[in-house]
Each structure stands twice: as C-alpha cells, then as structure tokens.
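Residues per chain are reported as follows:
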Amino acid sequence: MAVLSNVLDDLNEGTTPFTIEEFLAAEQQKDLLCFTTAGSVDDGKSTLIGRLLYDSRSVYEDQVKTVTRSSSGEASAIDFALLTDGLRAEREQGITIDVAYRFFATPKRKFIIADTPGHEQYTRNMVTGASTADLAIVLVDARKGILTQSRRHGFIASLLGIRHVVAAINKMDLVDFSEKVYRTLHNDLHGLAAKLGIRELTAIPISALLGDNVVTRSEQTPWYDGPTLLEHLESVPIAEDLPDAAFRLPVQRVIRPNQDFRGFAGQIASGTVTPGDRIIALPSGRTSRIKGIHTFDGDLDSAFAPQSVAVTLEDEIDISRGDLIAHVDDAPAVSNSFSASLVWLHAGPFVPGKTYLLKHTAQTVKAHLRVAHRLDIETLEPQQSAVLRLNEIGEVEVRTSRSLMLDPYRENRVTGSFILIDPASNATVGAGMVHYTKLDKDGRSQINGTLLLLPGEVLVSVLEEKLTTRGKDVVITSSQKPEVWQSLLYAGFTVLVPSKSQAQAEIITLAPDAHELLRRPVARHDGLKAQADALLRELENEF
Amino acid sequence: MSTAVYDSPETITASRARLTHLKALEAESIHIIREVAAEFQRPVMLYSIGKDSSVMLRLAQKAFYPGTIPFPLLHIDTGYKFREMIEFRDNYTRELGLNLLVWRNEEAIANGANPITLGTQRCCGYLKTQALLDGLRAHGFDAAFGGARRDEERSRAKERIFSFRDANGQWDPKNQRPELWNLYNGRIGPGESIRVFPLSNWTELDIWHYIHLENIPIIPLYFAQERRMLVRGDSLIPIEQPFVKGLPGEEQWVRCRLRSLGCSPCTGAIRSDADTVPKIIAELISFRSSERANRIIDHDQDGSMEIKKREGYF
C-alpha cells in the first residue's frame with residue numbers, strides 16, 4: 001500500500017502515516033462548518049475561494065484540466081476564479097449570478113461554502129447564503145478600505161444572526177504588506193462591528209492571489225501574529241448551542257405504523273430532550289411526558305439539536321404536522337401577530353394588503369403584512385415606505401391566519417425564521433426574522449380585539465371616551481352580524497356594539513382558532529359609572 | 001433532587017454534545033425527506049441502484065422508522081444497464097419490501113437506440129431524459145427525489161435542494177426559488193413538479209464513509225475484480241452490448257472496478273485493487289480526480305451537464 005501511505009503522508013504533512021482505518025476513525029470525528037463569502041466582482045472573492053480549495057488540495061485534477069482549457073490564453077496558469085464559477089451564462093458574462101455551494105475538508109474539519117456574488121441581486125443572494133452559515137467572510141480591498149458594500153455585508157451577517165465574521169483584508173500585496181494599512185482597517189472594522197451588533201470579528205491580512213495567510217502563513221507579515229484564514233476556519237466553535245437552550249421540536253409528521261405506536265417526527269430545532277421530560281404540545285396546550293425517543297438506530301437516552309428523531313408520549317394527545325413540542329416550563333410564544341425584519345427577494349414588489357402565504361417550521365398559513373419602515377441599507381437609517389422592492393429590507397408587522405409557535409430569531413434561527421410565498425405564482429418572495437411577539441402576562445397572544453355588547457347608547461359613549469384615552473383603537477358598530485364582529489376582532493379593535501334587546505352586557509372574544517366567538521356575560525351594576533368601571537376591569541383581564 | 005440532576009456529568013455532556021458531520025448531514029437529509037412526504041400528493045424516489053441511491057434509500061428508511069417508506073421507487077431503465085445492476089435492484093428492493101416501479105422508453109429501445117449510432121447526447125435524450133419525463137408524467141408524480149450532490153459537477157453547485165421544474169419538466173437556472181434556512185417551498189401549479197436532492201450537501205467521500213459505517217449493501221461492480229474489458233488508451237470500456245466491439249488486442253482481462261454506475265457502453269471502469277469499502281476510500285483520496293471524469297457523456301462539450309439539466313435530465 002505504498003500509494004495509500006503516500007496519500008496519508010501527504011494529508012499529515014510528514015507526520016507518522018496511519019492506516020485507512022485510522023484515517024476513517026479521525027474522519028468520523030470531524031464536524032461541519034458552514035460559511036458564507038461575500039464580496040463584489042473586483043475584490044477577489046472567487047480567487048480567494050479558489051485559493052482555499054486549491055491550497056487545501058481538494059481540487060480534483062480533472063477539474064483543474066477543464067479550467068485550464070476554458071481559460072485558453074495562459075496555458076499553464078490556473079484561473080482560481082474559474083474554479084468556482086458554475087453556469088454557462090456566468091462563464092459567458094464573467095460574473096457569478098447565484099449562490100453556489102462548495103465543499104472541502106482539512107484533516108480537522110469539513111466545510112461547506114455558500115459562495116454568494118457581490119454583483120446584482122447581492123442582498124437576496126447574500127441573505128440566502130447567510131441563512132445557513134455559522135461564519136461569514138467579508139472581503140475588504142486593502143487599497144480601498146471599508147466601502148459601502150463592506151458595511152452592507154456586515155449588516156446582513158448581523159441581521160442573519162451569524163456569530164463569527166471574518167474580515168479578509170485582501171490584496172495586501174498591492175499595499176506592500178503594510179502593517180499601518182492593516183492596523184487602520186482593523187480598528188475601523190471593529191468600530192463597524194460594534195455598531196452593527198456583530199458578536200465576534202476577526203481581521204486577517206491576506207493576498208488571495210499569492211496565497212499569503214490564506215492557508216500558509218505569510219513571510220511578508222511578520223507583524224501579524226493572528227491565525228491564517230484556514231487556521232481560523234478550523235478552530236472557530238460551531239453553533240455553540242447554549243447549554244440551557246430551550247427544547248423545540250417542530251412536528252413534521254406523525255408516524256403511525258400500527259395502533260400501538262404514535263411517533264411525532266421532526267428535527268430538533270434547539271435544546272435537549274430526555275425520556276420522562278414534561279412537555280407541552282402547542283398550540284393545543286396539552287401536556288404529557290416523553291415516553292421514548294426513537295430512531296432507526298435504536299432508542300436514545302437523550303437527543304439534541306439538530307438530530308432528526310421521533311418521540312412518543314405517555315398520553316394520547318392530538319398532535320399533527322405544524323404543531324410544536326416544548327418543555328412545559330420553557331415554551332415559546334404562541335401568537336398570530338408579531339414584528340419582524342423582512343428581506344424582499346422577488347422582482348415584483350411587496351403589495352400592501354395582499355394575502356401572502358407564510359411558511360414557518362412545518363406549517364404554512366395565510367399572512368397579512370404592513371411595512372413599518374424600510375431600512376436604507378447604505379446608511380442603515382429607517383425610511384418611510386409602505387412597500388418593499390427586490391433586495392430591500394424592512395421592518396414589518398405580521399398577522400397570520402393561525403397562531404405560530406415563535407421565538408425571537410436572535411435566540412432561535414429555526415423557530416424565529418419564515419419565508420413568504422406568493423399564492424398566485426408560488427414564488428418565494430420574502431425572508432423574515434421574528435423580533436418579538438405581542439403577548440399578555442400569561443404568555444398568550446393578545447392581539448385579537450375584544451367586543452362589548454352593551455345595553456344602551458349611553459354606556460357606549462362613556463366607554464368609548466375612557467377606552468380612547470387609554471390608547472385603544474375603538475370601533476362602534478350597530479351591526480349584529482357575527483362575521484362582521486369576527487373580522488373586527490381579528491383586526492385587533494376594541495368593538496362597542498349597542499343593543500336594545502340586551503339586558504346584560506356581554507364580553508365577546510375570538511376563540512384561539514379565530515373561527516368561533518366566545519361570549520360571557522358581565523355582572524350588572526347599578527349606576528352608569530359603576531357599570532362602566534366594572535366593564536373596564538373586565539376588559540383589563542381580557543387584555 | 002434537582003441539584004443532583006443538574007450536576008450529573010451526563011446532563012452536561014448531553015447539552016454540549018455536537019453532531020459529527022455525517023450525523024449532521026443525515027439529520028438534514030431526513031428532515032428533507034419527511035418534508036416532501038408531508039407536502040406532496042405523489043412523491044417518488046428515483047432509484048438508480050448506485051451508491052448515492054443506496055444511501056438515499058437508507059435515509060428514507062430512517063426517516064419513517066418504525067413505519068415504512070410511504071412512496072414508491074422508480075428506476076429508469078435504458079436497457080443498457082449492467083446485468084448485475086438489475087439483479088441487485090430486484091433482490092434488494094424485494095428484501096426490503098419496497099414498491100419498485102420501472103420505466104423504459106420501449107419505443108426507442110425497440111428502434112435500437114444506442115450511443116454508437118445516435119451519439120451519446122441523443123441516446124441519453126431518448127433513453128434517460130425522455131423516459132424519466134414520460135415515467136413521471138404517466139404516474140402523475142409531483143415530486144421526485146434524486147441522489148445528485150452539489151460536489152459532483154460544476155452546474156450542480158448552484159442546484160437547490162427543492163429544484164423547480166416547469167410543466168415540461170425543464171429546469172431554468174435563472175428561475176429557481178431562493179432557499180433559506182431549512183424552509184423549503186414545495187408549492188407547485190398543475191403539471192409542475194419539484195426534484196428534490198436530499199444528498200445535496202454530501203461529498204463523494206461522505207457517501208462512501210456512510211456506506212462503510214452503516215454497512216449499506218452496494219452492488220459488487222464497485223469492487224475490484226478481474227473483468228473482461230476493452231482497453232483503449234486510458235479507457236476501460238465494459239463489454240456487455242454487441243455493438244461495443246474492440247479492435248484486435250483491445251479485449252483484455254483487467255483488474256478493475258466502476259467508480260460510478262451508468263449504462264455499460266458509456267461507463268468506463270478504472271484499474272483498481274480496491275475490493276473493500278475502506279480500500280475504495282483510500283483510492284478515492286489518492287486520486288484527486290473527480291468521479292465523473294470516467295463518464296463519457298459529461299465531456300461531450302463544455303457545460304454539457306447543464307444542457308442536459310435544462311432539458312429535464314437529473
């Protein structure tokens with residue numbers, strides 16, 4: 001096995017050769033880091049990735065041959081950018097137009113690169129690439145410093161919750177590997193990171209073209225004592241799930257091979273679960289205990305994110321696709337109203353008032369959205385706007401036809417993210433990140449309005465005044481139609497309805513599924529003021 | 001009591017546990033397979049008998065365990081597949097109790113379509129692409145799993161996990177849906193369909209490593225043994241079809257194996273001593289030559305895989 005030991009020698013760069021079994025054992029321990037790269041046409045991003053792939057020896061020989069043929073002219077030169085470009089249209093136009101996924105491995109780790117263009121549709125593509133990444137590499141041209149686009153890339157990395165950002169200060173060869181240039185940029189970049197809320201920023205001086213500090217340490221930068229790019233990629237911690245991250249299991253499917261087994265299958269979004277744990281199924285609110293965690297490879301003593309499992313429960317409770325299982329004492333918000341950041345991904349603009357479909361974990365619901373404001377991606381200042389166009393980012397208020405089990409995106413990328421789908425074209429038009437949900441003190445959604453059915457016009461006008469001064473949106477209607485009430489309640493109004501036939505006031509609310517009206521009478525009080533105050537106290541409980 | 005629980009080392013280990021890359025890939029693939037089974041009316045899994053299909057099939061078993069796979073398998077048979085492939089297919093699917101469907105372009109086969117007279121592009125067009133589109137349409141399948149990976153070929157690197165195909169089964173690289181997080185948009189109109197690639201993020205090494213760890217049965221053509229081949233330059237061409245004829249002296253016994261499985265006239269073998277999965281892996285990492293290099297069809301012209309995909313090929 002001379003060939004094998006050569007290869008393994010090669011992989012270990014001269015250390016003791018090991019057998020294929022040892023190689024596989026080491027291989028099996030590797031974890032997976034997904035990172036995204038952003039940069040524009042000229043800043044050498046494709047060259048950097050090509051260099052990373054080539055120097056880490058994961059470029060296969062026949063691919064190198066194909067590239068050398070495509071880039072006729074310089075017969076022996078390898079065009080690193082061509083290694084990473086994919087489609088015909090791009091090779092013809094010389095630009096990268098979509099997100100491309102590349103793979104490479106070192107003896108320490110496996111990597112997935114989501115390579116995104118800095119050219120047209122940059123925001124859409126970068127957001128897409130960043131959504132699954134643990135780390136982002138932002139390219140900065142050493143000669144040009146922090147441009148608008150570096151700021152934009154940093155902002156998107158922060159928006160998409162990427163914990164580790166690397167500023168690759170490229171083309172150091174063109175500034176004579178100047179320490180001063182690096183130091184200045186290093187300080188500017190850390191200032192920017194603080195402003196953008198980036199949790200960790202690492203600035204590395206490189207030359208993608210010549211290979212300095214990409215894989216091999218440069219002799220041109222003796223003043224730099226940090227890691228090379230690859231060293232950093234190999235050592236950065238992956239998805240540090242907080243030890244106390246809340247357990248979330250969105251149910252994808254109920255597995256029922258026979259009458260005795262009812263398994264709830266899904267991929268754990270966060271946290272850890274163990275048989276015996278007390279759980280709550282949402283939105284129903286029914287509780288039980290975990291009976292078992294089942295996989296093809298046997299039952300598990302515990303399971304954690306992002307494992308795909310099926311769990312069984314001690315009690316027969318009705319759970320279906322789209323529901324979520326959580327620990328009973330650490331459940332997410334259940335709400336159909338929330339605020340979010342929204343990135344618009346489609347050529348056709350966001351249309352206010354239109355019904356979109358919203359996919360969140362394993363459920364798709366109808367949604368109405370209102371744009372609160374748009375963010376100027378260059379200055380990061382809010383701008384007045386009711387619409388969003390392709391590549392624009394806005395703050396939105398969302399209402400959905402059914403309640404969702406939500407966590408803020410900053411805490412949970414799975415239960416805090418959603419996509420919007422145009423119901424007519426089925427295109428994916430938006431990507432959203434949940435900020436917060438509107439909740440009452442019991443953690444329930446408070447967004448539906450309340451209706452008061454009142455005996456007499458006088459009580460209506462007294463309450464109208466008191467409620468308006470308390471900041472409520474009040475609507476008075478004489479309509480007695482339940483469907484009219486439903487839509488007003490769904491819209492979140494406090495509705496006052498005078499009724500001559502009514503001897504006693506009633507409080508009417510929407511059932512959690514928003515289809516039924518719940519009615520309850522309020523005790524009668526003598527005197528207008530006493531009656532009004534009693535009703536206001538009752539309303540406080542509703543809110 | 002609760003203190004004891006929180007202090008227990010097991011609890012701490014569990015909360016800090018991390019998945020290895022293969023377990024992370026497995027979990028992602030299972031999630032994808034379950035999404036498709038839940039969101040589509042009539043999904044099907046394309047089964048090509050190769051190593052990737054074998055892994056995909058195992059992942060489907062895992063996704064629905066202890067239940068059974070809730071969709072059929074479909075094999076597109078060109079009539080030129082290796083005899084061993086058909087035997088393996090029939091035995092293995094019977095053993096697992098799976099619902100196997102086979103589709104062939106009988107008209108083209110009856111007309112004697114072959115790569116020598118038609119050229120590889122037109123032959124693939126009739127026997128693979130056309131047969132696939134006809135088979136999917138005849139059964140009314142709205143989602144089809146394929147075992148393609150992004151690391152296989154350059155045009156695959158930008159492929160979505162849910163790849164949208166229009167009513168003609170065609171792929172428009174400029175009109176694909178953005179894919180964020182693990183939220184897949186499977187909504188389609190009448191006649192449209194989705195090709196689903198649950199192995200998108202696996203590499204060739206991952207596939208072999210998983211086969212090794214999971215003891216997944218694979219077809220013996222992958223393992224080296226003495227085989228009768230046409231030796232032409234660097235190429236080893238299997239002799240199964242009467243139209244594959246060699247010049248004098250070209251036909252030889254060679255110790256070789258197949259790196260990827262296709263039709264016998266168009267799938268070259270490689271000289272190899274690798275007769276176990278670990279040896280195949282050792283060979284793989286020594287090669288620095290991508291697995292598709294021995295597929296004659298991909299090298300018809302620069303970017304030929306992309307052209308095939310636009311027309312409806314996987």
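**Quick word on the overall build of chain B**
Okay, step 1: When helices and strands are tallied, chain B shows 11 helices and 10 strands.
Okay, step 2: Taking all 314 residues of chain B together, 62% fall into the buried category.
Okay, step 3: In chain B, once contacts between residues fewer than 6 apart in sequence are set aside, the share between residues at least 24 apart is 73%.
Okay, step 4: Put simply, chain B shows about 12300 Å² of open surface, and 50% of that area lies on carbon and sulfur atoms.

**Focus: the pairing of strand 17 (residues 356-360) of chain A**
Residues and elements named next belong to chain A.
Okay, step 1: Of all 5 residues in strand 17, 5 are buried; the element is thus mostly enclosed.
Okay, step 2: Here strand 17 shows two buried faces, one formed by Tyr356, Leu358 and His360 and the other by Leu357 and Lys359.
Okay, step 3: Where strand 17 and strand 18 (residues 363-375) come together, 5 bridges link them in antiparallel fashion. Across the sheet, residue Leu357 finds its bridge partner in strand 18, namely Lys366.
Okay, step 4: As consecutive antiparallel partners, strand 17 and strand 18 are separated by 2 residues, and within that stretch Thr361 has a phi angle of approximately 40°, a positive value.

**Remarks on the packing of helix 7 (residues 122-131) of chain A against helix 8 (residues 148-159) of chain A**
Residues and elements named next belong to chain A.
Okay, step 1: In the contact formed by helix 7 and helix 8, the axes pass within 10 Å of each other and the chain directions differ by 40°. Judged by the inter-axis angle, helix 7 sits oblique to helix 8. Judged by the sense of rotation from one axis to the other, the crossing of helix 7 with helix 8 is right-handed. Touching Tyr122, Thr123, Met126 and Val127 of helix 7 are Arg152, His153, Ile156 and Ala157, all from helix 8.

**A closer look at the sheet that holds strand 2 (residues 100-105) of chain A**
Residues and elements named next belong to chain A.
Okay, step 1: Strand order in the open sheet made by the 6 strands is 2-3-1-4-5-6, with mixed pairing throughout. Looking along the sheet, the strands with just one partner apiece sit at the ends: strand 2 and strand 6 (200-205). Averaged over all adjacent pairs, the angle separating strand axes in this sheet is 25°, with direction ignored.
Okay, step 2: Where strand 1 (residues 32-38) and strand 4 (residues 135-141) come together, 4 bridges link them in parallel fashion. From the neighbouring strand, Phe35 faces strand 4, where its bridge partner is Leu135.
Okay, step 3: Most of the contacts of helix 9 (residues 179-196) go to strand 6, to which it runs at about 160°, and overall it touches strand 4, strand 5 (164-170) and strand 6.

**A short note on the sheet that holds strand 12 (residues 286-294) of chain A**
Residue and element names in this part refer to chain A.
Okay, step 1: The strand order across the open sheet built from 7 strands is 7-15-11-12-14-9-8, with neighbouring strands paired in antiparallel fashion. Edge positions in the sheet fall to strand 7 (248-250) and strand 8 (253-258), since each of these pairs with one other strand and no more. Taken over all neighbouring pairs, the strand axes of this sheet differ in orientation by 40° on average, direction set aside.
Okay, step 2: Pairing geometry for strand 9 (residues 261-267) and strand 14 (residues 308-313), over 4 bridges, is antiparallel. When the bridges of strand 14 are listed, Phe264 appears paired with Val311.

**Brief notes about the environment of Arg58 of chain B**
Okay, step 1: Tracing the chain through its elements places Arg58 of chain B in helix 4 (residues 51-64).
Okay, step 2: For the pair Arg58 of chain B and Glu214 of chain B, spaced 156 residues apart in sequence, the C-alpha to C-alpha distance is 8.9 Å.
Okay, step 3: Each residue touching Arg58 of chain B, except ones within four places of it in the same chain, is listed here: Phe296 of chain A together with Tyr92, Tyr210, Glu214, Asn215, Ile216 and Pro217 of chain B.
Okay, step 4: Within the structure, Arg58 of chain B has its side chain in polar contact with the backbone oxygen of Glu214 of chain B (distance 3.2 Å).

**Quick word on the pattern of salt bridges**
Residues and elements named next belong to chain A.
Okay, step 1: As enumerated under the stated definition, the model contains 45 salt bridges over all chains in all.
Okay, step 2: One salt bridge connects Arg143 with Asp141, and the closest N-O pair in it is separated by 3.0 Å.
Okay, step 3: Using a relative accessible area of 5% as the deciding quantity, one classes Asp141 as buried.
Okay, step 4: Note that Glu231 and Arg217 form a salt bridge whose closest N and O atoms lie 3.1 Å from each other.

**What to know about the pairing of strand 15 (residues 324-327) of chain A**
Residue and element names in this part refer to chain A.
Okay, step 1: Across 3 bridges, the pairing between strand 7 and strand 15 is antiparallel. Bridge pairing in strand 15 places Arg248 opposite Ala326.
Okay, step 2: Examined bridge by bridge, strand 11 (residues 278-282) and strand 15 share 4 bridges and lie antiparallel to one another. Of the residues in strand 15, the one forming a bridge with Ile279 is His327.

**Concerning helix 9 of chain A**
Residue and element names in this part refer to chain A.
Okay, step 1: For helix 9, built from 18 residues, the straight-helix expectation of 26 Å at 1.5 Å per residue is met to within 8% by its first-to-last C-alpha distance of 25 Å.
Okay, step 2: Within helix 9, the full set of buried residues consists of Tyr182, Leu185, Leu189, Leu192, Ala193 and Leu196. Each buried residue of helix 9 lies within a common arc of 100° when the element is viewed along its axis, so the set occupies one face. In helix 9, the exposed positions angled more than 90 degrees off the buried face are occupied by Lys180, Asn187, Ala194 and Lys195.
Okay, step 3: On its buried side, helix 9 packs onto strand 4, helix 8, strand 5 and strand 6.
Okay, step 4: At the N-terminal boundary of helix 9, the capping side chain belongs to Ser178, with an oxygen 3.2 Å from the backbone nitrogen of Lys180.
Okay, step 5: Taken from the residues just after helix 9, Gly197 is the one with a positive phi, measuring 75°.

**What to know about the nonpolar core**
Okay, step 1: Counting 72 residues, the largest nonpolar core has Val55, Phe71, Phe162, Trp202 and Trp208 of chain B as its most contacted members.
Okay, step 2: Those residues within four positions of Phe71 of chain B in sequence are excluded, and the remaining contacts are Ile33, Ala37, Pro43, Met45, Ala60, Phe64 and Phe145 of chain B.
Okay, step 3: One finds Leu52, Leu159, Ile204 and Trp223 of chain A within the second-largest nonpolar core, a separate group that totals 70 residues.

**Here's the deal with the packing of aromatic side chains**
Residue and element names in this part refer to chain B.
Okay, step 1: With the rule as written, the count across this model stands at 18 aromatic pairs over all chains.
Okay, step 2: Look at Phe162 and Tyr184: their rings are 5.0 Å apart centre to centre, the planes differ by 10°, and that puts the pair in the stacked class. Residue Phe162 is found in strand 5 (residues 162-165), and its partner Tyr184 is found in the loop between strand 5 and strand 6 (193-196); the two are separated by 22 residues along the sequence. Both residues of the pair, Phe162 and Tyr184, count as buried.
Okay, step 3: Taken together, a centroid distance of 5.2 Å and an interplanar angle of 90° make the contact between Trp208 and Tyr222 edge-to-face. Remark: Tyr222 occurs in the loop between helix 9 (204-214) and strand 7 (225-232) and Trp208 occurs in helix 9; sequence separation between them is 14 residues.
Okay, step 4: Exposure remark for Trp208: the relative accessible area of 1% places this residue in the buried category.

**So, the environment of Ile49 of chain B**
Residues and elements named next belong to chain B.
Okay, step 1: Along the chain, Ile49 falls in the loop between strand 1 (43-46) and helix 4.
Okay, step 2: We classify Ile49 as buried; its relative accessible area is 0%.
Okay, step 3: Leaving out residues up to four positions away in the same chain, Ile49 has contacts with Ser54, His75, Met85, Phe88, Arg89, Ile219 and Leu261.

**Re the packing of helix 3 (residues 21-39) of chain B against helix 9 of chain B**
When two helices pack together, their arrangement is given by the angle between the helix axes and by the axis-to-axis distance.
Residue and element names in this part refer to chain B.
Okay, step 1: At a closest axis distance of 11 Å, the pairing of helix 3 and helix 9 adopts a crossing angle of 95°. Here helix 3 is positioned roughly perpendicular relative to helix 9, judged by the angle of their axes. Seen from helix 3, the contacting residues are His21, Leu22, Lys23, Leu25 and Glu26; seen from helix 9, they are Asp206, His209, Tyr210, Leu213 and Glu214.
Okay, step 2: Of the residues contributing to the contact of helix 3 with helix 9, the split by class is 4 nonpolar, 2 polar and 4 charged.

**Points about the environment of Asp98 of chain A**
Okay, step 1: Looking at where Asp98 of chain A falls in the secondary structure, it is placed in the loop between helix 6 (88-93) and strand 2.
Okay, step 2: Spatially, the C-alpha atom of Asp98 of chain A lies 10.0 Å from that of Ala114 of chain A, the residues being 16 residues apart in sequence.

**What about the side chain of Gln252 of chain A?**
Okay, step 1: Inspection of the secondary structure assignment puts Gln252 of chain A in the loop between strand 7 and strand 8.
Okay, step 2: Residue classification places Gln252 of chain A among the buried residues on the basis of a relative accessible area of 2%.
Okay, step 3: Here Gln252 of chain A is in contact with Ala265, Gly266, Gln267, Arg321 and Ala362 of chain A together with His31, Arg34, Glu35 and Ala38 of chain B, once residues within four sequence places are set aside.

**A look at the confidence of the model for chain B**
Okay, step 1: Across chain B, the average pLDDT comes to 84, with 85% of residues at 70 or higher.
Okay, step 2: Note that residues 288-303 of chain B has pLDDT below 50 and, in this model, 61 contacts with residues that lie over four places away or in other chains.

Parameters and conventions
- Residues numbered from 1 in each chain as written.
- Chains lettered and ligands numbered in written order.
- Predicted model: local features only at pLDDT ≥ 70, side-chain atom pairs only at ≥ 80, totals over all residues.
- Heavy atoms only, no water.
- Helix = DSSP H or I, 4+ residues; strand = E, 2+ residues; numbered from the N terminus.
- Buried < 20%, exposed > 50% of the residue type's maximum accessible area, 1.4 Å probe, protein only.
- Contact = heavy atoms within 4.5 Å.
- Areas by Shrake-Rupley, 256 points an atom, 1.4 Å probe, with all protein chains shown as cover.
- Pairing = 2+ DSSP bridges.
- Axes fitted to C-alpha atoms, helices over the stretch in contact; angles between N-to-C directions.
- Parallel < 35°, antiparallel > 145°, perpendicular 65-115°, else oblique.
- Left-handed = near helix turned anticlockwise from the far one by under 90°.
- Polar contact = N/O pair within 3.5 Å; in protein donor to acceptor, adjacent residues only side chain to side chain.
- Salt bridge = Lys/Arg side-chain N within 4 Å of Asp/Glu carboxyl O.
- Expected span 1.5 Å × (residues − 1).
- Arc of directions from axis to C-beta.
- Core = buried A, V, L, I, M, F, W, Y, C linked by side-chain atoms within 4.5 Å.
- Phe/Tyr/Trp six-rings, centres within 6.5 Å; stacked < 30°, edge-to-face > 60°.
- Nonpolar A, V, L, I, M, F, W, Y, C, P; charged D, E, K, R; others polar.
- pLDDT = per-residue confidence, 0-100.

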